[in-house]
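Secondary and tertiary structure notes
Chain by chain, the residues run as shown.
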Amino acid sequence: MLGLNQRDTKFLLIVIALTLFTPILLQPFPADSGLAQFNAGYPDLMQRFAIFGIFAIGFNILFGLTGYLSFGHAAFLGVGSYSTVWMFKLLNYNVLPGLVLAIIVSGLFALLIGYVSLRRSGIYFSILTLAFAQMSFNLAYSVLTPITNGETGLQVYNDDPQILMGENGITTTHFFGLKMNASHIMDVGPWQFTFNFGYYFCAVIAILAFYLSLRIFRSPFGMMLRAVKSNQQRMNYTGLSSRPYTLAAFVISGMYAGLAGGLLASMDPLAGAERMQWTASGEVVLMTILGGAGTMMGPILGAGFIKYFENIFSKINDQVLHGWFAFLPDGLENALVWLLHPFVGKGWHLTLGILFMLVVVFLPGGLVELGQRIRNMFRKKPKADNDGSHKPQQTPHVAE
Amino acid sequence: MGLLEVKDVGKRFGGLQALSDVNLSVQENTVHAIIGPNGAGKSTLLNCLIGKLIPDTGSVTFQGQSVLGRKPHEINQMGISRIFQTPEIFGDLTVLENVLIPCFAKRDGSFRMHAFETVEAEKDLNEKAVAMLEDVNMQDKLQMQASSLSRGDKRRLEMAMSLVQDPKLLLLDEPTAGMARADTNSTIDLLKEIKEKRDITMAIIEHDMHVVFSLAERITVLAQGTPLVEDTPDNIRDHPKVREAYLGETQQT
Ligand SMILES: Nc1ncnc2c1ncn2[C@@H]1O[C@H](COP(=O)(O)OP(=O)(O)OP(=O)(O)O)[C@@H](O)[C@H]1O
Ligand SMILES: [Mg+2]
């Protein structure tokens, strides 16, 4: 179906189902139970899952396939956001022109940065991209203030032209009248589910983005990108020029990042320079590696995992901890809270860091590898080692 | 004039004169062997032909066109393909993909953005790649990861990657090194068969004299970066200078 083989079609359908039911799946705990704070099914966070999923899927096309590790992808995220907010300022709050512009501008920007950075490989490439991104960040912060509104961040003001606004135009972001912040709340017994239009808008785009990357992974172009990662020299002696392949991958992943940035601005019409900072570039690297670089599902899992941590783990404070351990004797309760304190609340970075290290050391294939191992554990039949060991080794399918 | 003309080529690495005054002419549709002791500069010479190294002096022309200053992929697109002394393959990819890549390169040129087809949909190329792998007896390893192959299989895979492009000139750097005797013989047979079926010229570097004398129509002996003699295999066999410089050495080992 849709140019995919049976296996990939199944894969895509699973992803579609998961995204559509996210508002339910991420809300497993009743609204006023003690565990409700672990629920992640609120619009703001779900939108981030989808948006950063797109960002990571795009990053994976570059890093996962070609092995070129960019440390400056947040620059494209920022460029996308600025472009979109400008469209809000000039036209009206419809997100479509903004998103289109975000993709075009970030693509051009990626072409420029990629053209220069891809003259080097390995660590030098990473440093060049990092330098470019920091440069963009600093420019956005200072010199380019007329375009970026510097420290304050770019936003829409009452005296902006908004030439398509009309008399009673909608004053929040929308897609041809459908407002991004519109939500339908559904109560089922003690559970509460929020179906937000903004999330579904992002989700549909994320599914399209995923489908596109699936096609790229399976295409001859994708195979060439994997060849770059495997042995770039060999590729050149085989009659292929590796530079245009890497540049194309760089531009495509830059456009994905720009789209993600545009969507961030579409959910909340604001764009700040900090979106381009190196920490933001590092985050997408973490997402991709944590989930499993070069796999289809990895980046999405990684993005979800990190965003969940950032938003949920960071909300656990000492008070919450005391609540959990209240049944213990006072001394033990205090000791436990003291022990856990550095890992929760503001310390969520510490927990994430430790998890990241564990994954890199024990699961080089990321969370996807964890999934595979668990699956194999259940599948293993008692006689497996007799028939399995002498078969020629098959390559793992890139989808997993 | 030969298909490949090497004139007065010299190459220096720091203090080491790896090649000096190399003149060589490879005639169309012949198998030309280049032999010589270790460190004679044989691999360096091939590197100068495919754009991996640029010689300090001299010229290299292929079909009357200079190859110097061209990028490696351009030289390959002219019709020169090479097999390396240590197998160079795409280790992370499957055996089939390793052969498909040169097929695409041959058909589509050095770059094409075919992002919306699937690899499987290219029936012709897949058939071509599989047929090539059958020729080198690897049809049962299509889906294996290339890096997990044995050394001999890697060599045969690399051979398939070159041959599938149907090059005009095939450069082979010790194609049978590290192969078992039986594999060596089947490689000789394969090369002979290829030679009979197609218009192909081969320049082959080889230490194994059995391979050299089974295949070569001309032999150039290289010693310390300079050609010593060039002649037919029969004459080389009995050449006193060659026995002294090269064959004597191998007989001891
Ligand atoms: N990139 C390089 N930098 C410096 N010296 C080099 C380089 N490549 C080769 N050499 C030197 O040039 C000389 C010729 O090397 P080359 O590899 O061409 O020999 P060869 O005839 O292929 O030998 P073998 O039979 O061992 O493969 C050697 O002394 C080698 O050490
Ligand atoms: Mg050599």
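Residues numbered from 1 in each chain as written. Chains lettered and ligands numbered in written order. Predicted model: local features only at pLDDT ≥ 70, side-chain atom pairs only at ≥ 80, totals over all residues. Heavy atoms only, no water.

1. Quick look at the overall build of chain A
How we decide: Helix and strand definitions here come from DSSP, where helices need a minimum of 4 consecutive H or I residues and strands a minimum of 2 consecutive E residues; each element is numbered from the N-terminal end. Just to be clear, the radius of gyration here is over C-alpha atoms, and the globule rule we use is 2.2 Å times residues to the power 0.38. Per-residue accessibility, obtained with a 1.4 Å probe over protein chains only, is compared with the maximum for each type, and a residue is labelled buried under 20%, exposed over 50%, and partly exposed between these values. Any two residues whose heavy atoms approach within 4.5 Å are treated as being in contact. Areas reported here follow the Shrake-Rupley algorithm with a probe of radius 1.4 Å; residue values treat only the protein chains shown as occluding.
A tally of regular secondary structure across chain A gives 17 helices and six strands. Relative to the compact-globule value of 21 Å for 400 residues, chain A shows a C-alpha radius of gyration of 23 Å, a close match. Its C-alpha atoms give chain A principal-axis dimensions of roughly 75 × 70 × 40 Å. Looking at the 400 residues of chain A, the share that counts as buried comes to 50%. Within chain A, counting contacts between residues at least 6 apart in sequence, those at least 24 apart form 74% of the total. Carbon together with sulfur atoms contributes 67% to the accessible area of chain A, which is approximately 18700 Å² in total.

2. A look at helix α1 (residues 42-49) of chain B
All names here are of chain B. In terms of residue burial, α1 counts as a mostly covered element, since seven of its eight residues are buried. Within α1 the residues assigned to the buried category are Lys-42, Thr-44, Leu-45, Leu-46, Asn-47, Cys-48 and Leu-49. Backbone geometry just downstream of α1 places Gly-51 in the positive-phi region, at approximately 85 degrees.

3. With respect to the sheet that holds strand β5 (residues 65-66) of chain B
Pairing between sheet strands relies on hydrogen bonds along the backbone, with the strands arranged either parallel or antiparallel. Residue and element names in this part refer to chain B. The cut-off we apply is this: Should DSSP find at least two bridges between two strands, the strands are taken to pair.
Pairing in this open sheet of four strands is antiparallel, and the strands run β2-β1-β4-β5 from one edge to the other. If you trace the sheet from one side to the other, it starts and ends with β2 (16-26) and β5, each paired once. Sheet topology places strand β1 (residues 4-13) next to β2; seven bridges connect them, and they run antiparallel. Its bridge partner being in β2, Phe-13 is matched across the sheet by Leu-16.

4. Side note on the nonpolar core
We count it as follows: Here, the term nonpolar core denotes a set of buried Ala, Val, Leu, Ile, Met, Phe, Trp, Tyr and Cys residues that are joined through side-chain atoms within 4.5 Å. Per the annotation, domain bounds derive from an automatic or database assignment of domains.
Ranked by size, the top nonpolar core spans 142 residues in total, and within it Ile-54, Phe-210 and Leu-263 of chain A together with Val-99, Leu-133 and Leu-157 of chain B carry the most contacts. The greatest single-element share of this core, amounting to 15 residues, is contributed by helix α10 (residues 242-267) of chain A. There are two domains that each give this core at least three residues, and those are domain 1 (4-79 + 167-247) and domain 2 (93-154) of chain B. The contact partners of Val-99 of chain B, leaving out residues within four places of it in the chain, are Ala-129, Met-132, Leu-133, Leu-157, Ala-160, Met-161 and Val-164 of chain B.

5. Observations concerning the coordination of the magnesium ion (ligand 2)
For a metal with four tetrahedral donors the ideal donor-metal-donor angle is 109.5 degrees, whereas six octahedral donors ideally subtend 90 or 180 degrees. Convention followed: Donor atoms (N, O, S) are those found within 2.8 Å of the metal centre, with the cutoff raised to 3.2 Å for Na, K and Ca; water is not part of the atom list, so apparent gaps in a site can occur.
Taken together, the protein donors to the magnesium ion (ligand 2) comprise Ser-43 of chain B (OG) and Gln-85 of chain B (OE1), at separations of 1.9 to 2.2 Å. Of the two residues, Ser-43 of chain B is situated in helix α1 and Gln-85 of chain B in the loop between β6 (80-83) and α3 (95-108); the sequence distance between them amounts to 42 residues.

6. Considerations on the domain arrangement of chain B
Bring the parts together and some accessible area is lost; that lost area is often taken as the interface size. Residue and element names in this part refer to chain B. Test applied: Simply put, the buried area is the total loss of 1.4 Å probe accessible area from both parts when two parts are fitted together.
According to the domain assignment, chain B contains domain 1 (4-79 + 167-247) and domain 2 (93-154). Each of domain 1 and domain 2 has a C-alpha centre, and the two are 27 Å apart. Between domain 1 and domain 2, the contact holds seven residues from the first and eight residues from the second. Together domain 1 and domain 2 conceal approximately 620 Å² of surface at their shared face, both sides included; 53% is due to carbon and sulfur atoms.

7. Here's the deal with a nonpolar patch on the surface
Residue and element names in this part refer to chain A. Here is the rule: Excluding any residue in a salt bridge, patches collect residues exceeding 30% relative accessible area, merging like charges within 9 Å and nonpolar Val, Leu, Ile, Met, Phe, Trp and Tyr side chains within 5 Å. Here a salt bridge means any side-chain nitrogen of Lys or Arg lying within 4 Å of a carboxyl oxygen belonging to Asp or Glu.
Among the surface-exposed residues, Leu-96, Val-100, Ile-104, Val-105, Leu-108, Leu-111 and Phe-176 lie close enough to one another that they form a single nonpolar patch of about 610 Å² accessible area. Tracing the chain through its elements places Leu-108 in helix α5 (residues 95-117). By relative accessible area, Leu-108 is classed as exposed at 54%.

8. Regarding the interface of chain A and chain B
Counting from both sides, the interface comprises 31 residues of chain A and, opposite them, 40 residues of chain B. With both chains or domains summed, chain A and chain B bury close to 3200 Å², and 64% of this area falls on carbon and sulfur atoms. The largest share of the area that chain A buries against chain B comes from Met-223, Arg-234 and Tyr-237 of chain A, three residues that together contribute 23% of it. Applying the counting rule to chain A against chain B returns two salt bridges.

9. Some details on the site of ligand 1
Residues and elements named next belong to chain B. This is how it is decided: Each residue is tested against the molecule or strand, and it is near if at least one of its non-hydrogen atoms lies within 4 Å. Throughout this description, a polar contact denotes any pair of N or O atoms lying within 3.5 Å of each other; where both atoms belong to protein, one of them has to be capable of donating a hydrogen while the other can accept it, and for residues adjacent in sequence the pair is counted only when both atoms sit in side chains.
Contacts to ligand 1 come from 13 residues, most closely from Asn-38, Lys-42, Ser-43, Thr-44 and Gln-85. Between Lys-42 and ligand 1, the recorded distance is 2.8 Å, taken from a side-chain N or O atom to an oxygen atom. Residue His-207 places a side-chain N or O atom 2.9 Å away from an oxygen atom belonging to ligand 1. When ligand 1 is considered free in solution it has 630 Å² of accessible area, and contact with the protein chains removes 61% of it. Secondary-structure elements contributing two or more residues to the shell around ligand 1 are β2 and α1. Of the residues forming the shell around ligand 1, the biggest block, three residues, is contributed by α1.

10. Description of unusual backbone geometry
Residues and elements named next belong to chain B. Residue Gln-63 is not a glycine yet carries a positive backbone phi of 50 degrees. A residue is classified by how much of its surface remains accessible, and Gln-63, at 39% relative accessible area, is partly exposed. Despite not being glycine, Asn-137 shows a phi value in the positive range, around 65 degrees. Mapped onto the secondary structure, Asn-137 falls in the loop between α4 (123-135) and α5 (151-163).

11. Regarding the pattern of salt bridges
All names here are of chain B. Counted according to the given criterion, the structure contains 21 salt bridges over all chains. Between Glu-230 and Arg-218 there is a salt bridge whose closest N-O contact spans 3.3 Å. Placement of Glu-230 in strand β10 (residues 226-231) and of Arg-218 in strand β9 (residues 218-223) is noted, with a sequence separation of 12 residues between them. According to the relative accessible area criterion, Glu-230 is partly exposed, its value standing at 32%. Given the relative accessible area of 29%, Arg-218 is considered partly exposed. If you follow the salt bridges from partner to partner, you end up with Arg-107, Asp-108, Arg-112, Glu-117 and Glu-122 in one network.

12. Some points on the packing of α3 of chain B against α5 of chain B
Residue and element names in this part refer to chain B. What counts here: Orientation is described by axes fitted as lines to C-alpha atoms, over the contacting stretch for helices, and by angles from 0 to 180 degrees between their N-to-C directions. Each angle gets one of four labels, with under 35 degrees taken as roughly parallel, over 145 as roughly antiparallel, 65 to 115 as roughly perpendicular, and the rest as oblique. Helix crossings fall into two classes, left-handed where the near helix is turned counterclockwise from the far one by less than a right angle and right-handed where it is turned clockwise.
It is at 8 Å that the axes of α3 and α5 come closest, and there the two elements cross at 25 degrees. With respect to α5, the axis of α3 lies roughly parallel. Once α3 is placed against α5, the crossing between them reads as right-handed. Every residue of α5 that contacts α3 at Val-95, Asn-98, Val-99 and Pro-102 is listed here: Leu-157, Ala-160 and Met-161.

13. Observations concerning the environment of Ser-33 of chain A
In this structure, Ser-33 of chain A sits in the loop between α2 (22-25) and α3 (43-66). The exposure class assigned to Ser-33 of chain A is partly exposed, which follows from its relative accessible area of 27%.

14. A look at α3 of chain B
What counts, and what does not: Under the convention used throughout, the expected extent of a helix is 1.5 Å for every residue step, that is, one less than its residue count.
Taking 1.5 Å of rise per residue, 14 residues should cover 20 Å, and α3 of chain B covers 20 Å from first to last C-alpha, within 8% of that figure. A large share of α3 of chain B lies buried, amounting to 12 of its 14 residues. Within the sequence span of α3 of chain B, burial applies to Val-95, Leu-96, Glu-97, Asn-98, Val-99, Leu-100, Ile-101, Pro-102, Cys-103, Phe-104, Ala-105 and Asp-108 of chain B. If you follow the buried residues of α3 of chain B, they end up packed against α9 (220-237) of chain A together with α2 (72-78), α4 and α5 of chain B. Count one or two residues on from α3 of chain B and you reach Gly-109 of chain B, which has phi positive near 80 degrees.

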